[in-house]
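Listed below are the residues making up each chain.
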Amino acid sequence: VPKVKRIMPLREIREEAMFGRRKEQIVVIGALPGYFELGRRRLRAGRLLSQADEKHQVNVCLVTENLARQLFGYKDPLENAVRVGQFYYRVVGVLESSLRTPDETEGLGGRWDLEVYIPLATARARFGDTIMKRSSGQFSRETIELHQIIVQCEDTEYVETAALGVQRILER
């Protein structure tokens, strides 16, 4: 698509994260290393995901500040690993938590912004593209390769043209 600077695919998986006896329901986000160049999250400590992490499907992760507080308390997350589902991921970075107003977080019991970012290739290898759910005797199965695609244009004047181009590609 002309005038597109970059395309960033994302995959989201709802899982449970554990460190010691502490557990939290979280969202795992499979992302490419360039995702953080879009300015969505600032790094507070450690490093970001690398091309080598993506290429070799390494079990490393970034956690949000809020999740780090919930899971690790006063321990340094960068010196530890977190269990997500059945796999362990070495924490290599801590990301700034998103800013929310009191109205936005009311009723969430401090459970907002609990995210773990892992390389997209790692997410695909560890979690696959099929989501299976069981509840009350029912079973559902859904194939989802990606949840979101972020398209960044060279300039805002190209957004509508790029959107039409991307739409045509997705409809094929």
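Just above, that's the structure.
Please read these numbers as outputs of a predicted model, since none were measured by experiment.

Colleague: Looking at this structure, I do not really get the overall build of the protein. What am I missing?
Modeller: Helix and strand content of the protein: five helices and ten strands. Taking all 172 residues of the protein together, 37% fall into the buried category. The long-range fraction of contacts in the protein, counting pairs at least 24 apart against all pairs at least 6 apart in sequence, stands at 68%. Total accessible area on the protein stands at roughly 10900 Å², and carbon and sulfur atoms take up 46% of it.

Colleague: Just checking my understanding: could you explain the pairing of strand β1 (residues 4–19) for this structure?
Modeller: For a regular strand, the rule is simple: side chains alternate between the two faces of the sheet. By the bridge criterion, ten bridges tie β1 to strand β2 (residues 22–31) in an arrangement that is antiparallel. Bridge pairing in β2 links R11 to G30. From the end of β1 to the start of β2, which pair antiparallel, there are two residues, and G20 there has a positive phi angle of about 60 degrees. Examined bridge by bridge, β1 and strand β5 (residues 81–84) share two bridges and lie antiparallel to one another. Bridge assignment links M18 to a residue of β5, and that residue is R83.

Colleague: I would appreciate a short explanation of the nonpolar core in the present structure.
Modeller: Generally speaking, a soluble globular protein has its nonpolar side chains buried in company with each other. Counting 21 residues, the largest nonpolar core has I26, C61, V63, V82, V84 and I118 as its most contacted members. Secondary structure elements with two or more residues in this core: β1, β2, β4 (60–64), α2 (65–72), β5, β6 (87–95), β7 (115–119) and α4 (120–127). The element best represented in this core is α2, accounting for four residues. Not counting the four nearest positions on each side in its chain, I118 is found in contact with V28, I29, G30, A31, L49, V60, C61, Y89, A123 and F127.

Colleague: Please explain the environment of Q57 as it appears in this structure.
Modeller: Tracing the chain through its elements places Q57 in the loop between α1 (51–55) and β4. Spatially, the C-alpha atoms of Q57 and L120 are 8.2 Å apart, while their sequence positions differ by 63 residues. When residues no more than four places from it in sequence are discounted, the contact partners of Q57 are A121, T122, A125 and R126.

Colleague: Got a minute to help me understand helix α5 (residues 159–171) in this structure?
Modeller: Each α-helix turn comprises 3.6 residues. Residues three or four places apart therefore point the same way. The end-to-end C-alpha distance of α5, which contains 13 residues, comes to 18 Å, matching closely the 18 Å that a straight helix rising 1.5 Å per residue would cover. For α5, the full list of buried residues reads A162, G165 and V166. Down the axis of α5, the buried set is contained in an arc of 95 degrees. They therefore lie on one face. Opposite the packed face of α5, turned more than 90 degrees from it, sit the exposed residues E160, R168 and E171.

Conventions adopted
Residues numbered from 1 in each chain as written. Predicted model: local features only at pLDDT ≥ 70, side-chain atom pairs only at ≥ 80, totals over all residues. Heavy atoms only, no water. Helix = DSSP H or I, 4+ residues; strand = E, 2+ residues; numbered from the N terminus. Buried < 20%, exposed > 50% of the residue type's maximum accessible area, 1.4 Å probe, protein only. Contact = heavy atoms within 4.5 Å. Areas by Shrake-Rupley, 256 points an atom, 1.4 Å probe, with all protein chains shown as cover. Pairing = 2+ DSSP bridges. Core = buried A, V, L, I, M, F, W, Y, C linked by side-chain atoms within 4.5 Å. Expected span 1.5 Å × (residues − 1). Arc of directions from axis to C-beta.

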